[in-house]
Each structure stands twice: as structure tokens, then as C-alpha cells.
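Fold and contact review
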Amino acid sequence: MKKIVVLLVSVAAICLAERASAWGVLGHRTIACIAEKHLTPEAKAATEKYLNASLPSVALWMDRTASWTKKRKGHIPGYEQTSTWHTLVVDEKYRVSKEQTPKGSGNLVPNLKKCIENLKNYRNLTDSAVVVNLKCVVHMVGDMHCPTHIYFLEFPDCFRGPKDANGKRTPARDRMTVYYDGKKMTYHSFWDGVGITQIYPEHSKDYKYYANVFDKGSAKQKAKFCKGDIDAWVHDSAKNCRPVYNNVKAGDELNRDFVLSYSKMTQRQCLKAGCRL
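Turning to the state of the cysteines, a few remarks are in order. Counted by the stated rule, this structure contains zero disulfides. In this structure Cys136 is not part of a disulfide, and its nearest cysteine sulfur, from Cys115, lies 4.5 Å away.

Before going further, it helps to examine unusual backbone geometry. For Asn52, which is not glycine, the phi torsion reads 55° and is therefore positive. The topology assignment puts Asn52 in the loop between helix 3 (41-51) and helix 4 (55-58). Judged by its relative accessible area of 70%, Asn52 is exposed.

Turning to the pattern of salt bridges, a few remarks are in order. Taken as a whole and judged by the stated rule, the model has eight salt bridges. Here Asp215 ties to Lys222 by a salt bridge, and the two come within 2.5 Å at their closest N and O atoms. Two residues, Asp236 and Lys272, come together in a salt bridge whose shortest N-O distance is 2.9 Å. Of the two residues, Asp236 is situated in helix 13 (residues 230-241) and Lys272 in helix 15 (residues 263-276); the sequence distance between them amounts to 36 residues. With relative accessibility at 21%, the residue Asp236 sits in the partly exposed group. Judged by relative accessible area, Lys272 falls into the buried class, the value being 7%.

A word on the pairing of strand 4 (residues 183-186). For strand 3 (residues 177-180) and strand 4, the ladder comprises four bridges, and the chain directions are antiparallel. Considered in strand 4, the bridge of Tyr180 is made with Lys183. Between the antiparallel neighbours strand 3 and strand 4 lie two residues, among them Asp181 with a positive phi of about 50°.

All told, the structure shown has 14 aromatic pairs when counted by the stated rule. With a centroid separation of 5.9 Å and an interplanar angle of 50°, the aromatic rings of Tyr180 and Phe190 are classed as tilted. Linking Tyr180 in strand 3 with Phe190 in helix 10 (residues 187-197), this pair joins segments that are 10 residues apart in sequence. These aromatic residues form a ring-pair network of at least three members: Tyr94, Phe152, Tyr180, Tyr187, Phe190, Trp191, Tyr245, Phe258 and Tyr262.

Next up on the list: the sheet that holds strand 4. Reading across the sheet, the three strands line up as 4-3-5 and stay open at both edges, with mixed pairing between neighbours. With one partner strand each, in any of the chains shown, strand 4 and strand 5 (253-254) form the two edges of the open sheet. With respect to the sheet, helix 10 is in contact with strand 3, strand 4 and strand 5, its orientation differing from that of strand 4 by roughly 100°.

So, about the environment of Ala232. Assignment of secondary structure puts Ala232 in helix 13. In this structure, the C-alpha to C-alpha distance between Ala232 and Arg95, residues 137 residues apart in sequence, is 8.2 Å.

As a further point, take helix 15. Over its 14 residues, helix 15 runs 20 Å from end to end, which matches the ideal 20 Å to within 8%, given 1.5 Å per residue. Most of helix 15 sits inside the fold, with 12 of its 14 residues counted as buried. When helix 15 is considered as a whole, its buried residues turn out to be Ser263, Met265, Thr266, Gln267, Gln269, Cys270, Leu271, Lys272, Ala273, Gly274, Cys275 and Arg276.

So, about helix 3. Within the span of helix 3, buried status applies to Ala43, Ala46, Thr47, Tyr50 and Leu51. The buried residues of helix 3 occupy an angular sector of 115° when projected down its axis, which confines them to one face. Exposed positions of helix 3 whose direction lies more than 90 degrees from the buried face are Pro41 and Lys49. Remark: Asn52 follows helix 3 within two positions and exhibits a positive phi of approximately 55°.

Packing of helix 7 (residues 108-120) against helix 13 leaves a shortest axis separation of 11 Å and a crossing angle of 145°. Crossing handedness for the pair helix 7 and helix 13: right-handed. Here Val109, Leu112, Lys113 and Ile116 of helix 7 come into contact with helix 13, specifically with Ile230, Asp231 and Val234. Here the residues of the contact of helix 7 with helix 13 are counted per class, giving five nonpolar, no polar and two charged.

The rules behind these values
Residues numbered from 1 in each chain as written. Predicted model: local features only at pLDDT ≥ 70, side-chain atom pairs only at ≥ 80, totals over all residues. Heavy atoms only, no water. Disulfide = S-S within 2.5 Å. Helix = DSSP H or I, 4+ residues; strand = E, 2+ residues; numbered from the N terminus. Buried < 20%, exposed > 50% of the residue type's maximum accessible area, 1.4 Å probe, protein only. Salt bridge = Lys/Arg side-chain N within 4 Å of Asp/Glu carboxyl O. Pairing = 2+ DSSP bridges. Phe/Tyr/Trp six-rings, centres within 6.5 Å; stacked < 30°, edge-to-face > 60°. Contact = heavy atoms within 4.5 Å. Axes fitted to C-alpha atoms, helices over the stretch in contact; angles between N-to-C directions. Expected span 1.5 Å × (residues − 1). Arc of directions from axis to C-beta. Left-handed = near helix turned anticlockwise from the far one by under 90°. Nonpolar A, V, L, I, M, F, W, Y, C, P; charged D, E, K, R; others polar.

Below is the structure:
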């Protein structure tokens, strides 16, 4: 079990590592596949013991179980995390902010840290609780690296949009709509899905192909990605993802050239997520 926790916190110790779902099915499974490729035999055996499944197969669990959890939350430590808003909040210097997302207490960072703390005390948890917290960590580390799961306080009206006829406010990020191949979608949805699947559209359902292509660089380079703590990783992720907002406005028509212009950033974000996981 200790080796599982080490894997989740830093790849350096083991390797010289429907609400909108960050990266969608392909991205989350690609990240989990990269992580799994770097497991030691002992760590792989430990994860399989508790999960009885591969990391890619559980990477979407946290989103898919959210609606179920709303009716049954509180029974297992960690289940409360599944109903939170999986979003980072950072200030103008890309530091973790104490501000919250429109959903309230759903800031990803404290929730991720809580799951890791739960795992550090795994001896006091049931096997079911260990499984829940492992699945949440696998998912949230992926979310932490997705461009539109980062709220930047520097943007005016970052959290709240104007009220509609019913007095309800819509998050500014989700209100920003764009078009891709004539299809209207939020910019958030674009990065959750299209932004990665269209890099290699002919392989858009093959996460193993994406993992093999994205998993580049030496063991030394990958270990470097994992230096620091979660707050440092948030800073790095926010700084690298910030440019995707520079020249895009509501109503823009995006195309595959736009996707490819950010493909290096996308691949690097997925690789870092896999290594850090």
C-alpha cells in the first residue's frame, strides 16, 4: 500500500512517473496509461490488488459516479469528493487561491490533498475506502492538468456571469461558446474533448496509441516534472495552460489548425499528469 501512495504523490520514487470531464475519456485514460507504464512490478501488483482493474479503466469513475453519490454520499470516506467541482483556482501569479469555484467548496486542490491524506492513513480505512480514494486521485490528477479546469482570478467576471430570467448565474468560463466544424460548444467542452481527440483523429479512441506517442523523454526529464509538491504542480500547470485564453473570444470558429497549434502543450500536460500520477 505504501508503494501505491508513493506512486500517487511522485513518480520519482518509483521511476528514475454528465458533468464535463477534463480531457474526456481519451485524455483521462491516456494519462492513466502513461502512469501505469511506469509502475514497478510491486506497485502494479498493489494497485491491481485494491482496484482489481487497470488504472485507465477507473480513470473516469469519479465523474461517472457523481450522480450516484449525491444520493448516497457519506458512507465511505472519500465518496464526498465525487460530487465536487474538479477545478483549480489560481491568482495572477499562478498560485493556489483560497477562492472557490461557482459550486462553492469544490476547489480541486484541497480535495486532492484530502484523498492523499486519507491514503496515508490507509490502515484506518476499509478496502472499499482505499479504492474510492485511489480512483479519485487518479481522476483529479488528470483534471489538474486540463486548461479549462483552471480558473484564473485575473480575468474579470471569472466566476459569475449575468443572471438569467430565473436569477441564476452561469460561470463565465462555461458561458464562453465557440464553434468547431460548425458545432456550437463551450470552450470548456472544446478542451475537455476536441482539443485532444483531434490531434490524431484516426486514433481518437485508442488511448494506448496516445500514451505511447505522448510518453517521450528520458527518465531524468520525467523525474524533473515531479519535483516539488502539489502546489508547485498547480503553478506549473496554470502557467503552461494560460496561453489558451490569449486570443480566443466567444463566438470564434476554431479548426484543427488551432488544435495542432497547442498540440505540444496538450501532449506535455498529459505526460506531466501521467508522471505525477
